[in-house]
Number of protein chains: 2
Amino acid sequence: MKKRFKSAAILAGAAALTLCACSEKQAESNNEATGNAAIENIMTRASVRQFTDRAIAPDTLETILKAGMAAPTAMNKQPWDFVVVTERAMLDSLMAAHPYSNLKTATAAIIVCGNMQKAIEGEGQANWILDCSAATENILLAAHALGLGAVWCGVYPTADRIAPVKTTLKLPSYIIPLNIISMGYPAGENQPKDKWNPDNVHYQQW
Amino acid sequence: MKKRFKSAAILAGAAALTLCACSEKQAESNNEATGNAAIENIMTRASVRQFTDRAIAPDTLETILKAGMAAPTAMNKQPWDFVVVTERAMLDSLMAAHPYSNLKTATAAIIVCGNMQKAIEGEGQANWILDCSAATENILLAAHALGLGAVWCGVYPTADRIAPVKTTLKLPSYIIPLNIISMGYPAGENQPKDKWNPDNVHYQQW
């Protein structure tokens, strides 16, 4: 994927050269446009549950996994593992294990897992939940950036979901599935929810 | 901020019109460039702990908070509140409450909090941790997109940190601080860690 980033950078560079003669002001606008593209990607992401039958290329999945592993983790423990499911039979088995997993038309699933052998010991162990949630958000955002749709289907902390998902994926005892991220190319339009609420913001103190 | 998104879109649109006559292929490259900008923003984010004295404009903070609230939440509960601290005296008090909060040169802090009055009841309550972690990752990414630096300083699940932070911010009993995100304009360069490890990926099953 480094190659892909490079070619995008070259393309953007070439565009800038062609476009303008080229003032600093324009260069600043380009930086702002790049930043705004990242913000817009966050603001336009929506949960997608219906997909076309177009398969996801392996290098696209790898880019998404790299984005997941770019999340910060407490004490840099990276206490995670990722199971990628693309075979229809396995997606069906997962759907049987987790009826709210929206896998009927999905062409792939990523199961983000906490690994207790890599997690902080003692009181800090629960940090795996925070770390794997940050990785999940990166995965959702990367999928959206690449034209895919995805939805976070919760597994942890629901005991009734954890056990069957563990069995289906043959997860060792020290691995806890946080979620199933169902993915594919979106069928139809998906509008993001507007969740902005200024009442949620408190200045200086409560 | 809607205005800002619109002007960025207009700018991008104008650029596309000026740049090319304009083939579909070029339009696709533009989409790819926008998507790649979002991916690159994820891959280049780093923890930043040293800041210049340049203040953060209120509308920049609002954009970052909107990005936080754009995160998905279990059952759409949005079980969160955000405390924004920009006054030096309060930043110092927080630093006294949490010695690892990297607030010495920070010009702002966002404390992402779980609200137990909005959270799912029963077994699902712990979903506030996942939801607030996703919001935190959005905040870190939005800050980076806007040229700021930030770092996630953990509070929950460490009891010794939760109590003094609650006292300092006068948080009600039903509010749990997940973290302190210390922010500002970065002093110096900050390299992202390369955490990609293909051994973390398992295909179809463990």
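Predicted, not measured: the structure shown is a model, and the values here were computed from it.

Thresholds, definitions, all that
- Residues numbered from 1 in each chain as written.
- Chains lettered and ligands numbered in written order.
- Predicted model: local features only at pLDDT ≥ 70, side-chain atom pairs only at ≥ 80, totals over all residues.
- Heavy atoms only, no water.
- Salt bridge = Lys/Arg side-chain N within 4 Å of Asp/Glu carboxyl O.
- Helix = DSSP H or I, 4+ residues; strand = E, 2+ residues; numbered from the N terminus.
- Buried < 20%, exposed > 50% of the residue type's maximum accessible area, 1.4 Å probe, protein only.
- Least-squares fit on C-alpha atoms with pLDDT ≥ 70 in both.
- Contact = heavy atoms within 4.5 Å.
- Buried area = accessible area lost by both parts, 1.4 Å probe.
- Pairing = 2+ DSSP bridges.
- Axes fitted to C-alpha atoms, helices over the stretch in contact; angles between N-to-C directions.
- Phe/Tyr/Trp six-rings, centres within 6.5 Å; stacked < 30°, edge-to-face > 60°.
- Lys NZ or Arg CZ within 6 Å of the ring centre and 35° of its normal.

## So, the pattern of salt bridges
Using the criterion set out here, one finds six salt bridges over all chains in the structure. The partner of A:Asp81 in a salt bridge is A:Lys118, with the nearest N and O atoms 3.0 Å apart. Residue A:Asp81 is found in strand S1 (residues 80-85), and its partner A:Lys118 is found in the loop between strand S2 (108-115) and helix H5 (127-145); the two are separated by 37 residues along the sequence. Classification of A:Asp81 by relative accessible area gives buried; the value is 3%. The salt bridge partner of B:Lys66 is B:Glu62, with a shortest N-O separation of 3.4 Å. Here B:Lys66 pairs with B:Glu62, and both are found in helix H3 (residues 58-69), just four residues apart, close to one helical turn. With relative accessibility at 32%, the residue B:Glu62 sits in the partly exposed group.

## A few points about the relation of the copies chain A and chain B
For the pair chain A and chain B, the best superposition has an RMSD of 0.0 Å and corresponds to a rotation of 180° with a translation of 0.0 Å parallel to the axis. Both chain copies can therefore be described as sitting about a two-fold axis. In terms of proximity to the rotation axis, the leading residue of chain A is A:Ala38, whose C-alpha is 2.1 Å off the axis. Most of the interface of chain A is mirrored in chain B, where 100% of its interface residues again form contacts.

## Some details on the interface of chain A and chain B
Each partner contributes to the interface: chain A provides 81 residues, whereas chain B provides 81 residues. Here chain A meets chain B over a buried area of about 7,400 Å², counting both sides, of which 65% is carbon and sulfur. On the chain A side of the interface with chain B, the three residues burying the most area are A:Lys195, A:Gln204 and A:Trp206, jointly 12% of the side's total. There are zero salt bridges connecting chain A and chain B. Elements that contribute at least two residues to the side of chain A that touches chain B include exactly helix H1 (2-19), helix H2 (24-44), helix H3 (58-69), S1, H5, helix H6 (159-169), strand S4 (175-184) and strand S5 (201-203) of chain A. A total of twelve residues in the side of chain A that touches chain B trace back to one element, the largest contributor, which is H2(A).

## A closer look at the sheet that holds strand S3 (residues 149-154) of chain B
As summarised here, the arrangement of the five strands in space is S5(A)-S1(B)-S2(B)-S4(B)-S3(B), forming an open sheet in which the pairing is mixed. Two strands bound the open sheet, and with one partner strand each, they are S5 of chain A together with S3 of chain B. Sheet twist, expressed as the average angle between the axes of neighbouring strands with direction ignored, equals 25°. In terms of strand pairing, S3(B) meets strand S4 (residues 175-184) of chain B through six bridges, oriented antiparallel. Within S4(B), the position partnered with B:Gly154 by the bridge is B:Asn179. Each of S5 of chain A together with strand S1 (80-85), strand S2 (108-115) and S4 of chain B is contacted by H3(B), which is oriented at about 160° to S1(B), the strand it contacts most. Relative to the sheet, helix H4 (residues 88-97) of chain B contacts S1, S2 and S4 of chain B, its axis offset from that of S2(B) by approximately 60°.

## Considerations on unusual backbone geometry
What you tend to see is this: most non-glycine residues have negative phi, and most peptide bonds are trans. Between A:Tyr156 and A:Pro157 the backbone carries a cis peptide bond, its omega angle lying at 10°. With respect to the helices and strands, A:Pro157 occurs in the loop between strand S3 (149-154) and H6. Despite not being glycine, B:Lys170 has its phi angle at roughly 55°, a positive value. Relative to the assigned elements, B:Lys170 resides in the loop between helix H6 (159-169) and S4. B:Lys170 sits in the exposed class, given a relative accessible area of 54%.

## What about the packing of aromatic side chains?
All names here are of chain A. Summed over all chains, the structure comprises four aromatic pairs over all chains. Seen from their ring centres, tryptophan 80 and phenylalanine 82 are 5.9 Å apart, and the 55° between their planes marks the pair as tilted. For the pair tryptophan 80 and phenylalanine 82, a shared accessibility class is recorded, and that class is buried. Note that arginine 54 overlies the ring of tyrosine 185, its terminal NZ or CZ placed 3.8 Å from the centroid.

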